[in-house]
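# What the coordinates show
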Amino acid sequence: MKVRIGISLGPAAVPAVFGDAVDRIEELGVDSLWLSEMVFGSLVEPFAGMAYALSRTSRLKVGTGVAVLPGRHPVLVAKQLASLAGLAPGRSLFDVPPGRRAAVFDESLRLIRLLLTQEHASFRGEFFTVDGAHIGPLPAKPLDIWLGGSAPGALRRVGRLADGWLGSFLVPEEARAARETIQTAAATAGREVEADHFGISLAVASGGGVPADLATAIRQRRPGSDPAALVPADWAAAKRMIEQYIVGGISKFVVRPAAPPASLDDFLNDFSRELMPLQT
């Protein structure tokens, strides 16, 4: 099982510092950079950010930690992914946390998969209809599509439709149980999610405890939970938590700052020194 630890810039993924951060991440040899979609805010748009990061690096892999699929037309998403795969083969990942409109989400995902695997695709569904759609050269290697979410329905969707799972705000034992639920759903659907395609997005605090706004968001998402059990207080705690996740069969990690770091370069250097040695 290959352990890989990528990074998200979190609230620091803004245009003013994005280019320098990408260069430093590539220099440090970080496995992957993950971007989140936040339309109302200053964060770099994920597809534009992925293209920009790929254009100025030669090894770094990129992916979306959050992309709201029901808000995008699946043909456009497939075209964007195929373009990224052609421009930087083997370095593009796509993670789509489930939204409220489950039926639209499922149909969109099936259509994207079809467009990325057939030269000319026809599809008639409840929400989308395409006839002989062609998005250009197909990716030389099939793209892995990972989903997020932790509700039972979301986990079963991963088993039915996805290539991997990226969860968040789960303690190691909960992540292990989620992995088992996904694997059971996949077996029921007659398919398999590879053993090393299970991951966790992990916010790391800088030693001052969980930031108040993040703690509030966690309590709203998980009433009665202890934010301190879900957000490591420092790098040593993050290392211990990742080791516990690995024991539970989780091997892919996206680490992000819990709050805008005082020094982004210090955050990247600490990440490289403390966590990258855990990779196998």
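Values in this document were obtained by computation on a predicted structure and should not be read as measured data. Note on numbering: residues in each chain are counted from 1, in written sequence order. The predicted origin of the model limits local features to residues at a pLDDT of at least 70 and limits the giving and counting of side-chain atom pairs to 80 or more, whereas totals for whole chains, interfaces and linings rest on all residues. To obtain the side-chain values, all non-hydrogen atoms of the structure were used and water was disregarded.

### Considering the overall build of the chain
When you go through the chain residue by residue, the secondary structure sums to 10 helices and 10 strands. Over its C-alpha trace the chain gives a radius of gyration of 18 Å, about what one expects of a compact globule, namely 19 Å for 280 residues. The buried share of the chain, reckoned over its 280 residues, is 52%. A sequence separation of at least 24 residues applies to 73% of the contacts in the chain between residues at least 6 apart. Accessible area of the chain: about 12,600 Å², with a carbon and sulfur share of 55%. The convention is simple: Lys and Arg are positive, Asp and Glu are negative, and His and the chain ends are not counted. For the purpose of locating charges, the reference atoms are NZ of Lys, CZ of Arg, CG of Asp and CD of Glu. Looking at the chain, you have 29 positive and 29 negative side-chain charges, and the mean spots of the two groups are 4 Å apart. Secondary structure follows DSSP: runs of H or I at least 4 residues long count as helices, runs of E at least 2 residues long count as strands, and numbering of each begins at the N terminus. As defined in this context, the radius of gyration uses C-alpha atoms, and a globule is described by 2.2 Å times the residue total to the power 0.38. With a 1.4 Å probe rolled over the protein chains alone, any residue whose accessible area is under 20% of its type maximum counts as buried; one over 50% counts as exposed, and the rest are partly exposed. In this description, contact between two residues means that some pair of their heavy atoms is separated by no more than 4.5 Å. Where accessible areas are quoted, they stem from the Shrake-Rupley method and a 1.4 Å probe; at the residue level, only the protein chains shown are allowed to cover.

### Regarding the packing of aromatic side chains
Working definition: rings of Phe, Tyr and Trp (its six-membered ring) pair if their centres are within 6.5 Å, and the pair is stacked with planes under 30 degrees apart, edge-to-face with planes over 60 apart, and tilted otherwise. One pass over the structure, following the stated rule, counts three aromatic pairs. Ring centres of Phe18 and Tyr52 lie 6.0 Å apart, and the angle between their planes is 40°; this geometry places the pair in the tilted category. With Phe18 in helix 1 (residues 15-28) and Tyr52 in helix 2 (residues 46-55), this pair connects stretches of sequence that are 34 residues apart. Relative to Phe267, the ring of Trp235 has its centre 5.3 Å away and its plane inclined at 45°; by these criteria the two rings are tilted. Of the two residues, Trp235 is situated in helix 9 (residues 235-247) and Phe267 in helix 10 (residues 264-274); the sequence distance between them amounts to 32 residues.

### A few points about the environment of Phe123
With respect to the element layout, Phe123 can be found in strand 5 (residues 121-124). For Phe123, a relative accessible area of 15% translates into the label buried. When the C-alpha positions of Phe123 and Asp106 are compared, they lie 14 Å apart, and in sequence the two are 17 residues distant. If sequence neighbours within four positions are ignored, Phe123 has contacts with Glu107, Leu111, Leu114, Phe128, Thr129 and Val130.

### Overview of helix 9
To estimate how far a helix should extend, the number of its residues minus one is multiplied by 1.5 Å. With 13 residues, helix 9 extends 19 Å from end C-alpha to end C-alpha; this agrees with the ideal 18 Å at 1.5 Å per step. When helix 9 is considered as a whole, its buried residues turn out to be Trp235, Ala237, Ala238, Met241, Ile242 and Tyr245. All buried residues of helix 9 lie within an arc of 150° about the axis, which places them on one face of the element. Packed against the buried residues of helix 9 are strand 1 (4-8), helix 6 (172-188), strand 9 (198-204), helix 8 (227-230), strand 10 (252-257) and helix 10. By the criterion applied in these results, polar contacts are pairs of N or O atoms within 3.5 Å in which, for protein atoms, one can donate a hydrogen and the other can accept it, and in which residues neighboring in sequence qualify only through two side-chain atoms. The residue sitting at the N-terminus of helix 9 and contributing the capping side-chain oxygen is Asp234; that oxygen lies 3.3 Å from the backbone nitrogen of Ala236. Positioned one or two residues after helix 9, Gly249 has a phi angle of 90°, which is positive. The arc in question is formed by the directions pointing from the helix axis toward the C-beta atoms.

### Quick look at the nonpolar core
One finds Ile5, Leu9, Leu33, Trp165, Phe271 and Leu275 to be the most contacted residues of the largest nonpolar core, which totals 77 residues. Per-element accounting of this core gives the leading share, seven residues, to helix 4 (residues 102-115). Those residues in contact with Leu275, other than ones at most four positions away along the chain, are Ile5, Trp235, Ala238, Lys239, Ile242, Val255 and Asp270. Membership of the second largest hydrophobic core comes to eight residues, among which are Leu214, Leu230, Val231 and Ala258. Among buried residues, the Ala, Val, Leu, Ile, Met, Phe, Trp, Tyr and Cys ones that are joined through side-chain atoms within 4.5 Å form a nonpolar core.

### Quick notes on the confidence of the model for the chain
Here the chain averages 90 in pLDDT, and 96% of its residues register 70 or above. Confidence per residue, as judged by the predictor, is encoded in pLDDT with a range of 0 to 100. Averaged over each element, pLDDT in the chain is lowest for strand 4 (residues 94-96) (61) and highest for helix 6 (98).

### Topic: the packing of helix 3 (residues 74-87) against helix 4
For the pair helix 3 and helix 4, the least separation of the axes is 9 Å and the interaxial angle reads 40°. Classified by the interaxial angle, the pair formed by helix 3 and helix 4 is oblique. Crossing of helix 3 over helix 4 shows right-handed handedness. In contact with Pro74, Val75, Val77, Ala78 and Leu81 of helix 3, helix 4 contributes Ser108, Leu111, Ile112 and Leu115. Axes, fitted as lines to C-alpha atoms, cover a helix only where it is in contact. Angles between the N-to-C directions of the axes lie from 0 to 180 degrees. Roughly parallel refers to an angle under 35 degrees, roughly antiparallel to one over 145, roughly perpendicular to one between 65 and 115, and oblique to any angle outside these ranges. The hand of a helix crossing depends on one turn: near helix anticlockwise from the far one by less than a right angle means left-handed, and clockwise means right-handed.

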